[in-house]
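What the coordinates show
One letter stands for each residue in the lines below.
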Amino acid sequence: ETGVTQTPRHLVMGMTNKKSLKCEQHLGHNAMYWYKQSAKKPLELMFVYSLEERVENNSVPSRFSPECPNSSHLFLHLHTLQPEDSALYLCASSAGTGVGEKLFFGSGTQLSVL
Amino acid sequence: AQKVTQAQTEISVVEKEDVTLDCVYETRDTTYYLFWYKQPPSGELVFLIRRNSFDEQNEISGRYSWNFQKSTSSFNFTITASQVVDSAVYFCALSERGGGTSYGKLTFGQGTILTVHP
């Protein structure tokens with residue numbers, strides 16, 4: 001069992017649906033991340049939170065809305081997505097946000113947008 | 001230009017063969033870190049190694065070894081006597097502050113799919 005848990009593991013949604021991805025870390029870390037992994041593309045950093053404050057929004061469209069209510073939980077709210085948003089969404093956490101921090105990843109949510 | 005380049009998209013070997021995964025990076029920072037992660041079919045990325053820019057010593061951990069060469073900006077990963085359980089996607093990554101960010105940004109290569117056949 002990893003220290004970072006993501007739910008659901010799989011999600012299928014229509015373009016007009018609203019859904020949320022959930023991430024929980026049990027490592028006592030202060031930073032959390034959302035990454036997007038599309039087929040044949042490098043992992044793309046989406047958002048970074050440090051002590052519940054967003055420190056990075058990597059030019060992500062507004063149809064993706066993150067929420068970090070505390071240092072252990074991170075959500076990604078989805079609405080009016082496009083088929084090209086289908087991907088594996090990975091959550092990660094780290095002790096801090098300095099250079100060289102080791103990230104611990106969850107197993108991801110495989111999202112399919114129809 | 002890509003910051004982290006993994007030249008091999010896919011590699012296929014037979015069990016017990018040695019295999020090297022290449023990684024070339026690009027940065028203007030003098031302080032940076034390099035990582036290798038493994039992604040098995042279950043999906044989560046598993047940390048393998050971290051190296052800082054001031055430590056060019058090669059490292060060996062069991063069947064895994066890493067060759068860091070600043071002169072060529074490379075951080076290659078070798079698996080000796082490969083096993084079927086080594087089949088996974090392997091990612092090289094660079095952590096730097098660069099670009100004026102307030103945090104250490106981890107940038108991944110495209111990954112190398114390694115398949116080890118029995």
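The structure contained in this document is the topic of the report that follows. Here, residues in each chain are numbered from 1, in the same order as that chain's written sequence. To label them, take the chains in the order written and letter them from A, then take the ligands in the order written and number them from 1. Where local features are concerned, this predicted model is filtered to residues with pLDDT of at least 70; where side-chain atom pairs are given and counted, the filter is 80 or more; whole-chain, interface and lining totals use all residues. Each side-chain value is worked out from all heavy atoms of the structure, with water and hydrogens disregarded.

Okay, the overall build of chain A next. Each helix is a run of DSSP H or I of at least 4 residues and each strand a run of E of at least 2, with the numbering of both proceeding from the N terminus. The helix and strand tally for chain A stands at zero helices and eleven strands. Going residue by residue from the N terminus, the α and β elements of chain A occur as β-β-β-β-β-β-β-β-β-β-β. For 114 residues, the compact-globule formula gives about 13 Å, and the C-alpha radius of gyration of chain A, at 13 Å, lands near that figure. Along the three orthogonal principal directions, the C-alpha set of chain A runs to about 35 × 30 × 30 Å. When a residue's accessible area, from a 1.4 Å probe over protein chains only, is under 20% of the maximum for its type it is buried; when over 50% it is exposed; and in between it is partly exposed. A total of 114 residues make up chain A; the buried ones form 47% of that total. Excluding contacts between residues fewer than 6 apart, the proportion of contacts in chain A whose partners are at least 24 apart in sequence is 53%. Counting only carbon and sulfur atoms, one obtains 48% of the accessible surface of chain A, whose full area is about 5200 Å². Separation between the mean location of the 10 positive side-chain charges and that of the 10 negative ones in chain A comes to 9 Å. The globule rule used here is 2.2 Å times the number of residues to the 0.38 power, and the radius of gyration it is set against is calculated over C-alpha atoms. Throughout, a contact is declared for two residues whenever any of their heavy atoms are within 4.5 Å. The Shrake-Rupley method, run with a 1.4 Å probe, gives the accessible areas here. Residue values count only the displayed protein chains as cover. Asp and Glu count as negative and Lys and Arg as positive, but His and the ends of the chain are not part of the count. Charged side chains are reduced to one point each, which is NZ for Lys, CZ for Arg, CG for Asp and CD for Glu.

Counting residues at the interface gives 25 residues for chain A, matched by 26 residues for chain B. Here the buried area means the combined drop in accessible surface, using a 1.4 Å probe, for two parts upon being joined, counting both sides. Regarding the contact of chain A and chain B, the summed buried area is about 1900 Å², with carbon and sulfur atoms giving 57% of it. Here a salt bridge means any side-chain nitrogen of Lys or Arg lying within 4 Å of a carboxyl oxygen belonging to Asp or Glu. On inspection of chain A and its partner chain B, the count reaches zero salt bridges. For this analysis, a polar contact is any N or O atom pair within 3.5 Å, provided that within protein one partner can donate a hydrogen and the other can accept it, and provided that sequence-adjacent residues contribute only side-chain to side-chain pairs. Here chain A and chain B share six residue pairs in polar contact (both at pLDDT 80 or more) between them.

This part is about the sheet that holds strand S1 (residues 4–7) of chain A. Residues and elements named next belong to chain A. Pairing is antiparallel across the open sheet formed by four strands, whose spatial order is S1-S3-S8-S7. With one partner strand each, in any of the chains shown, S1 and strand S7 (64–70) form the two edges of the open sheet. Each neighbouring strand pair of the sheet contributes to a mean axis angle of 20 degrees, computed without reference to strand direction. In this analysis, strands are considered paired if DSSP registers two or more bridges between them. By the bridge criterion, five bridges tie S7 to strand S8 (residues 73–79) in an arrangement that is antiparallel. The residue bridging Pro 66 from the neighbouring strand is Leu 76, located in S8. Angles shown run from 0 to 180 degrees and are taken between the N-to-C directions of axes, each axis being a line fitted to C-alpha atoms and, for helices, limited to the stretch in contact.

Take a probe with the size of a water molecule and roll it over the atoms, and the empty space left behind shows itself. Each pocket or cavity is described by its volume, and for the largest pocket that value is around 520 Å³. Among the secondary structure elements, those contributing two or more residues to the lining of the largest pocket are strand S9 (87–94) of chain A together with strand S10 (88–96) of chain B. Top element by residues in the lining of the largest pocket is S10(B). It accounts for three residues. Grouping the constituent residues of the lining of the largest pocket by class yields nine nonpolar, ten polar and three charged. Considered as a void within the structure, the second largest pocket measures approximately 150 Å³ in volume. Taken together, A:Lys36, A:Glu44, A:Leu45, A:Met46, A:Asn58, A:Ser59, A:Val60, A:Pro61, A:Arg63, A:Phe64, A:Glu84 and A:Asp85 make up the lining of the second largest pocket. A pocket here means an open set of points on a 1 Å grid, computed over the protein atoms alone, that has protein on both sides within 12 Å along at least five of seven lines. A cavity is instead a set of points where a 1.4 Å probe fits but cannot get out; residues with an atom within 4 Å of a point line either one. Grid points are joined across faces, edges and corners, and a volume is the space filled by probe spheres set on the points. Each residue is assigned to one of three groups, with Ala, Val, Leu, Ile, Met, Phe, Trp, Tyr, Cys and Pro labelled nonpolar, Asp, Glu, Lys and Arg labelled charged, and all others, Gly among them, labelled polar.

Attention now goes to unusual backbone geometry. Residues and elements named next belong to chain A. Residue Pro 8 is bonded to the preceding Thr 7 through a cis peptide linkage, with omega at -10 degrees. The residue Pro 8 is located in the loop between S1 and strand S2 (10–13) in this model. We note that Thr 80 has phi near 45 degrees; this positive angle belongs to a residue other than glycine. Its location among the elements puts Thr 80 in the loop between S8 and S9.

Any functional reading would require information beyond the geometric quantities listed.
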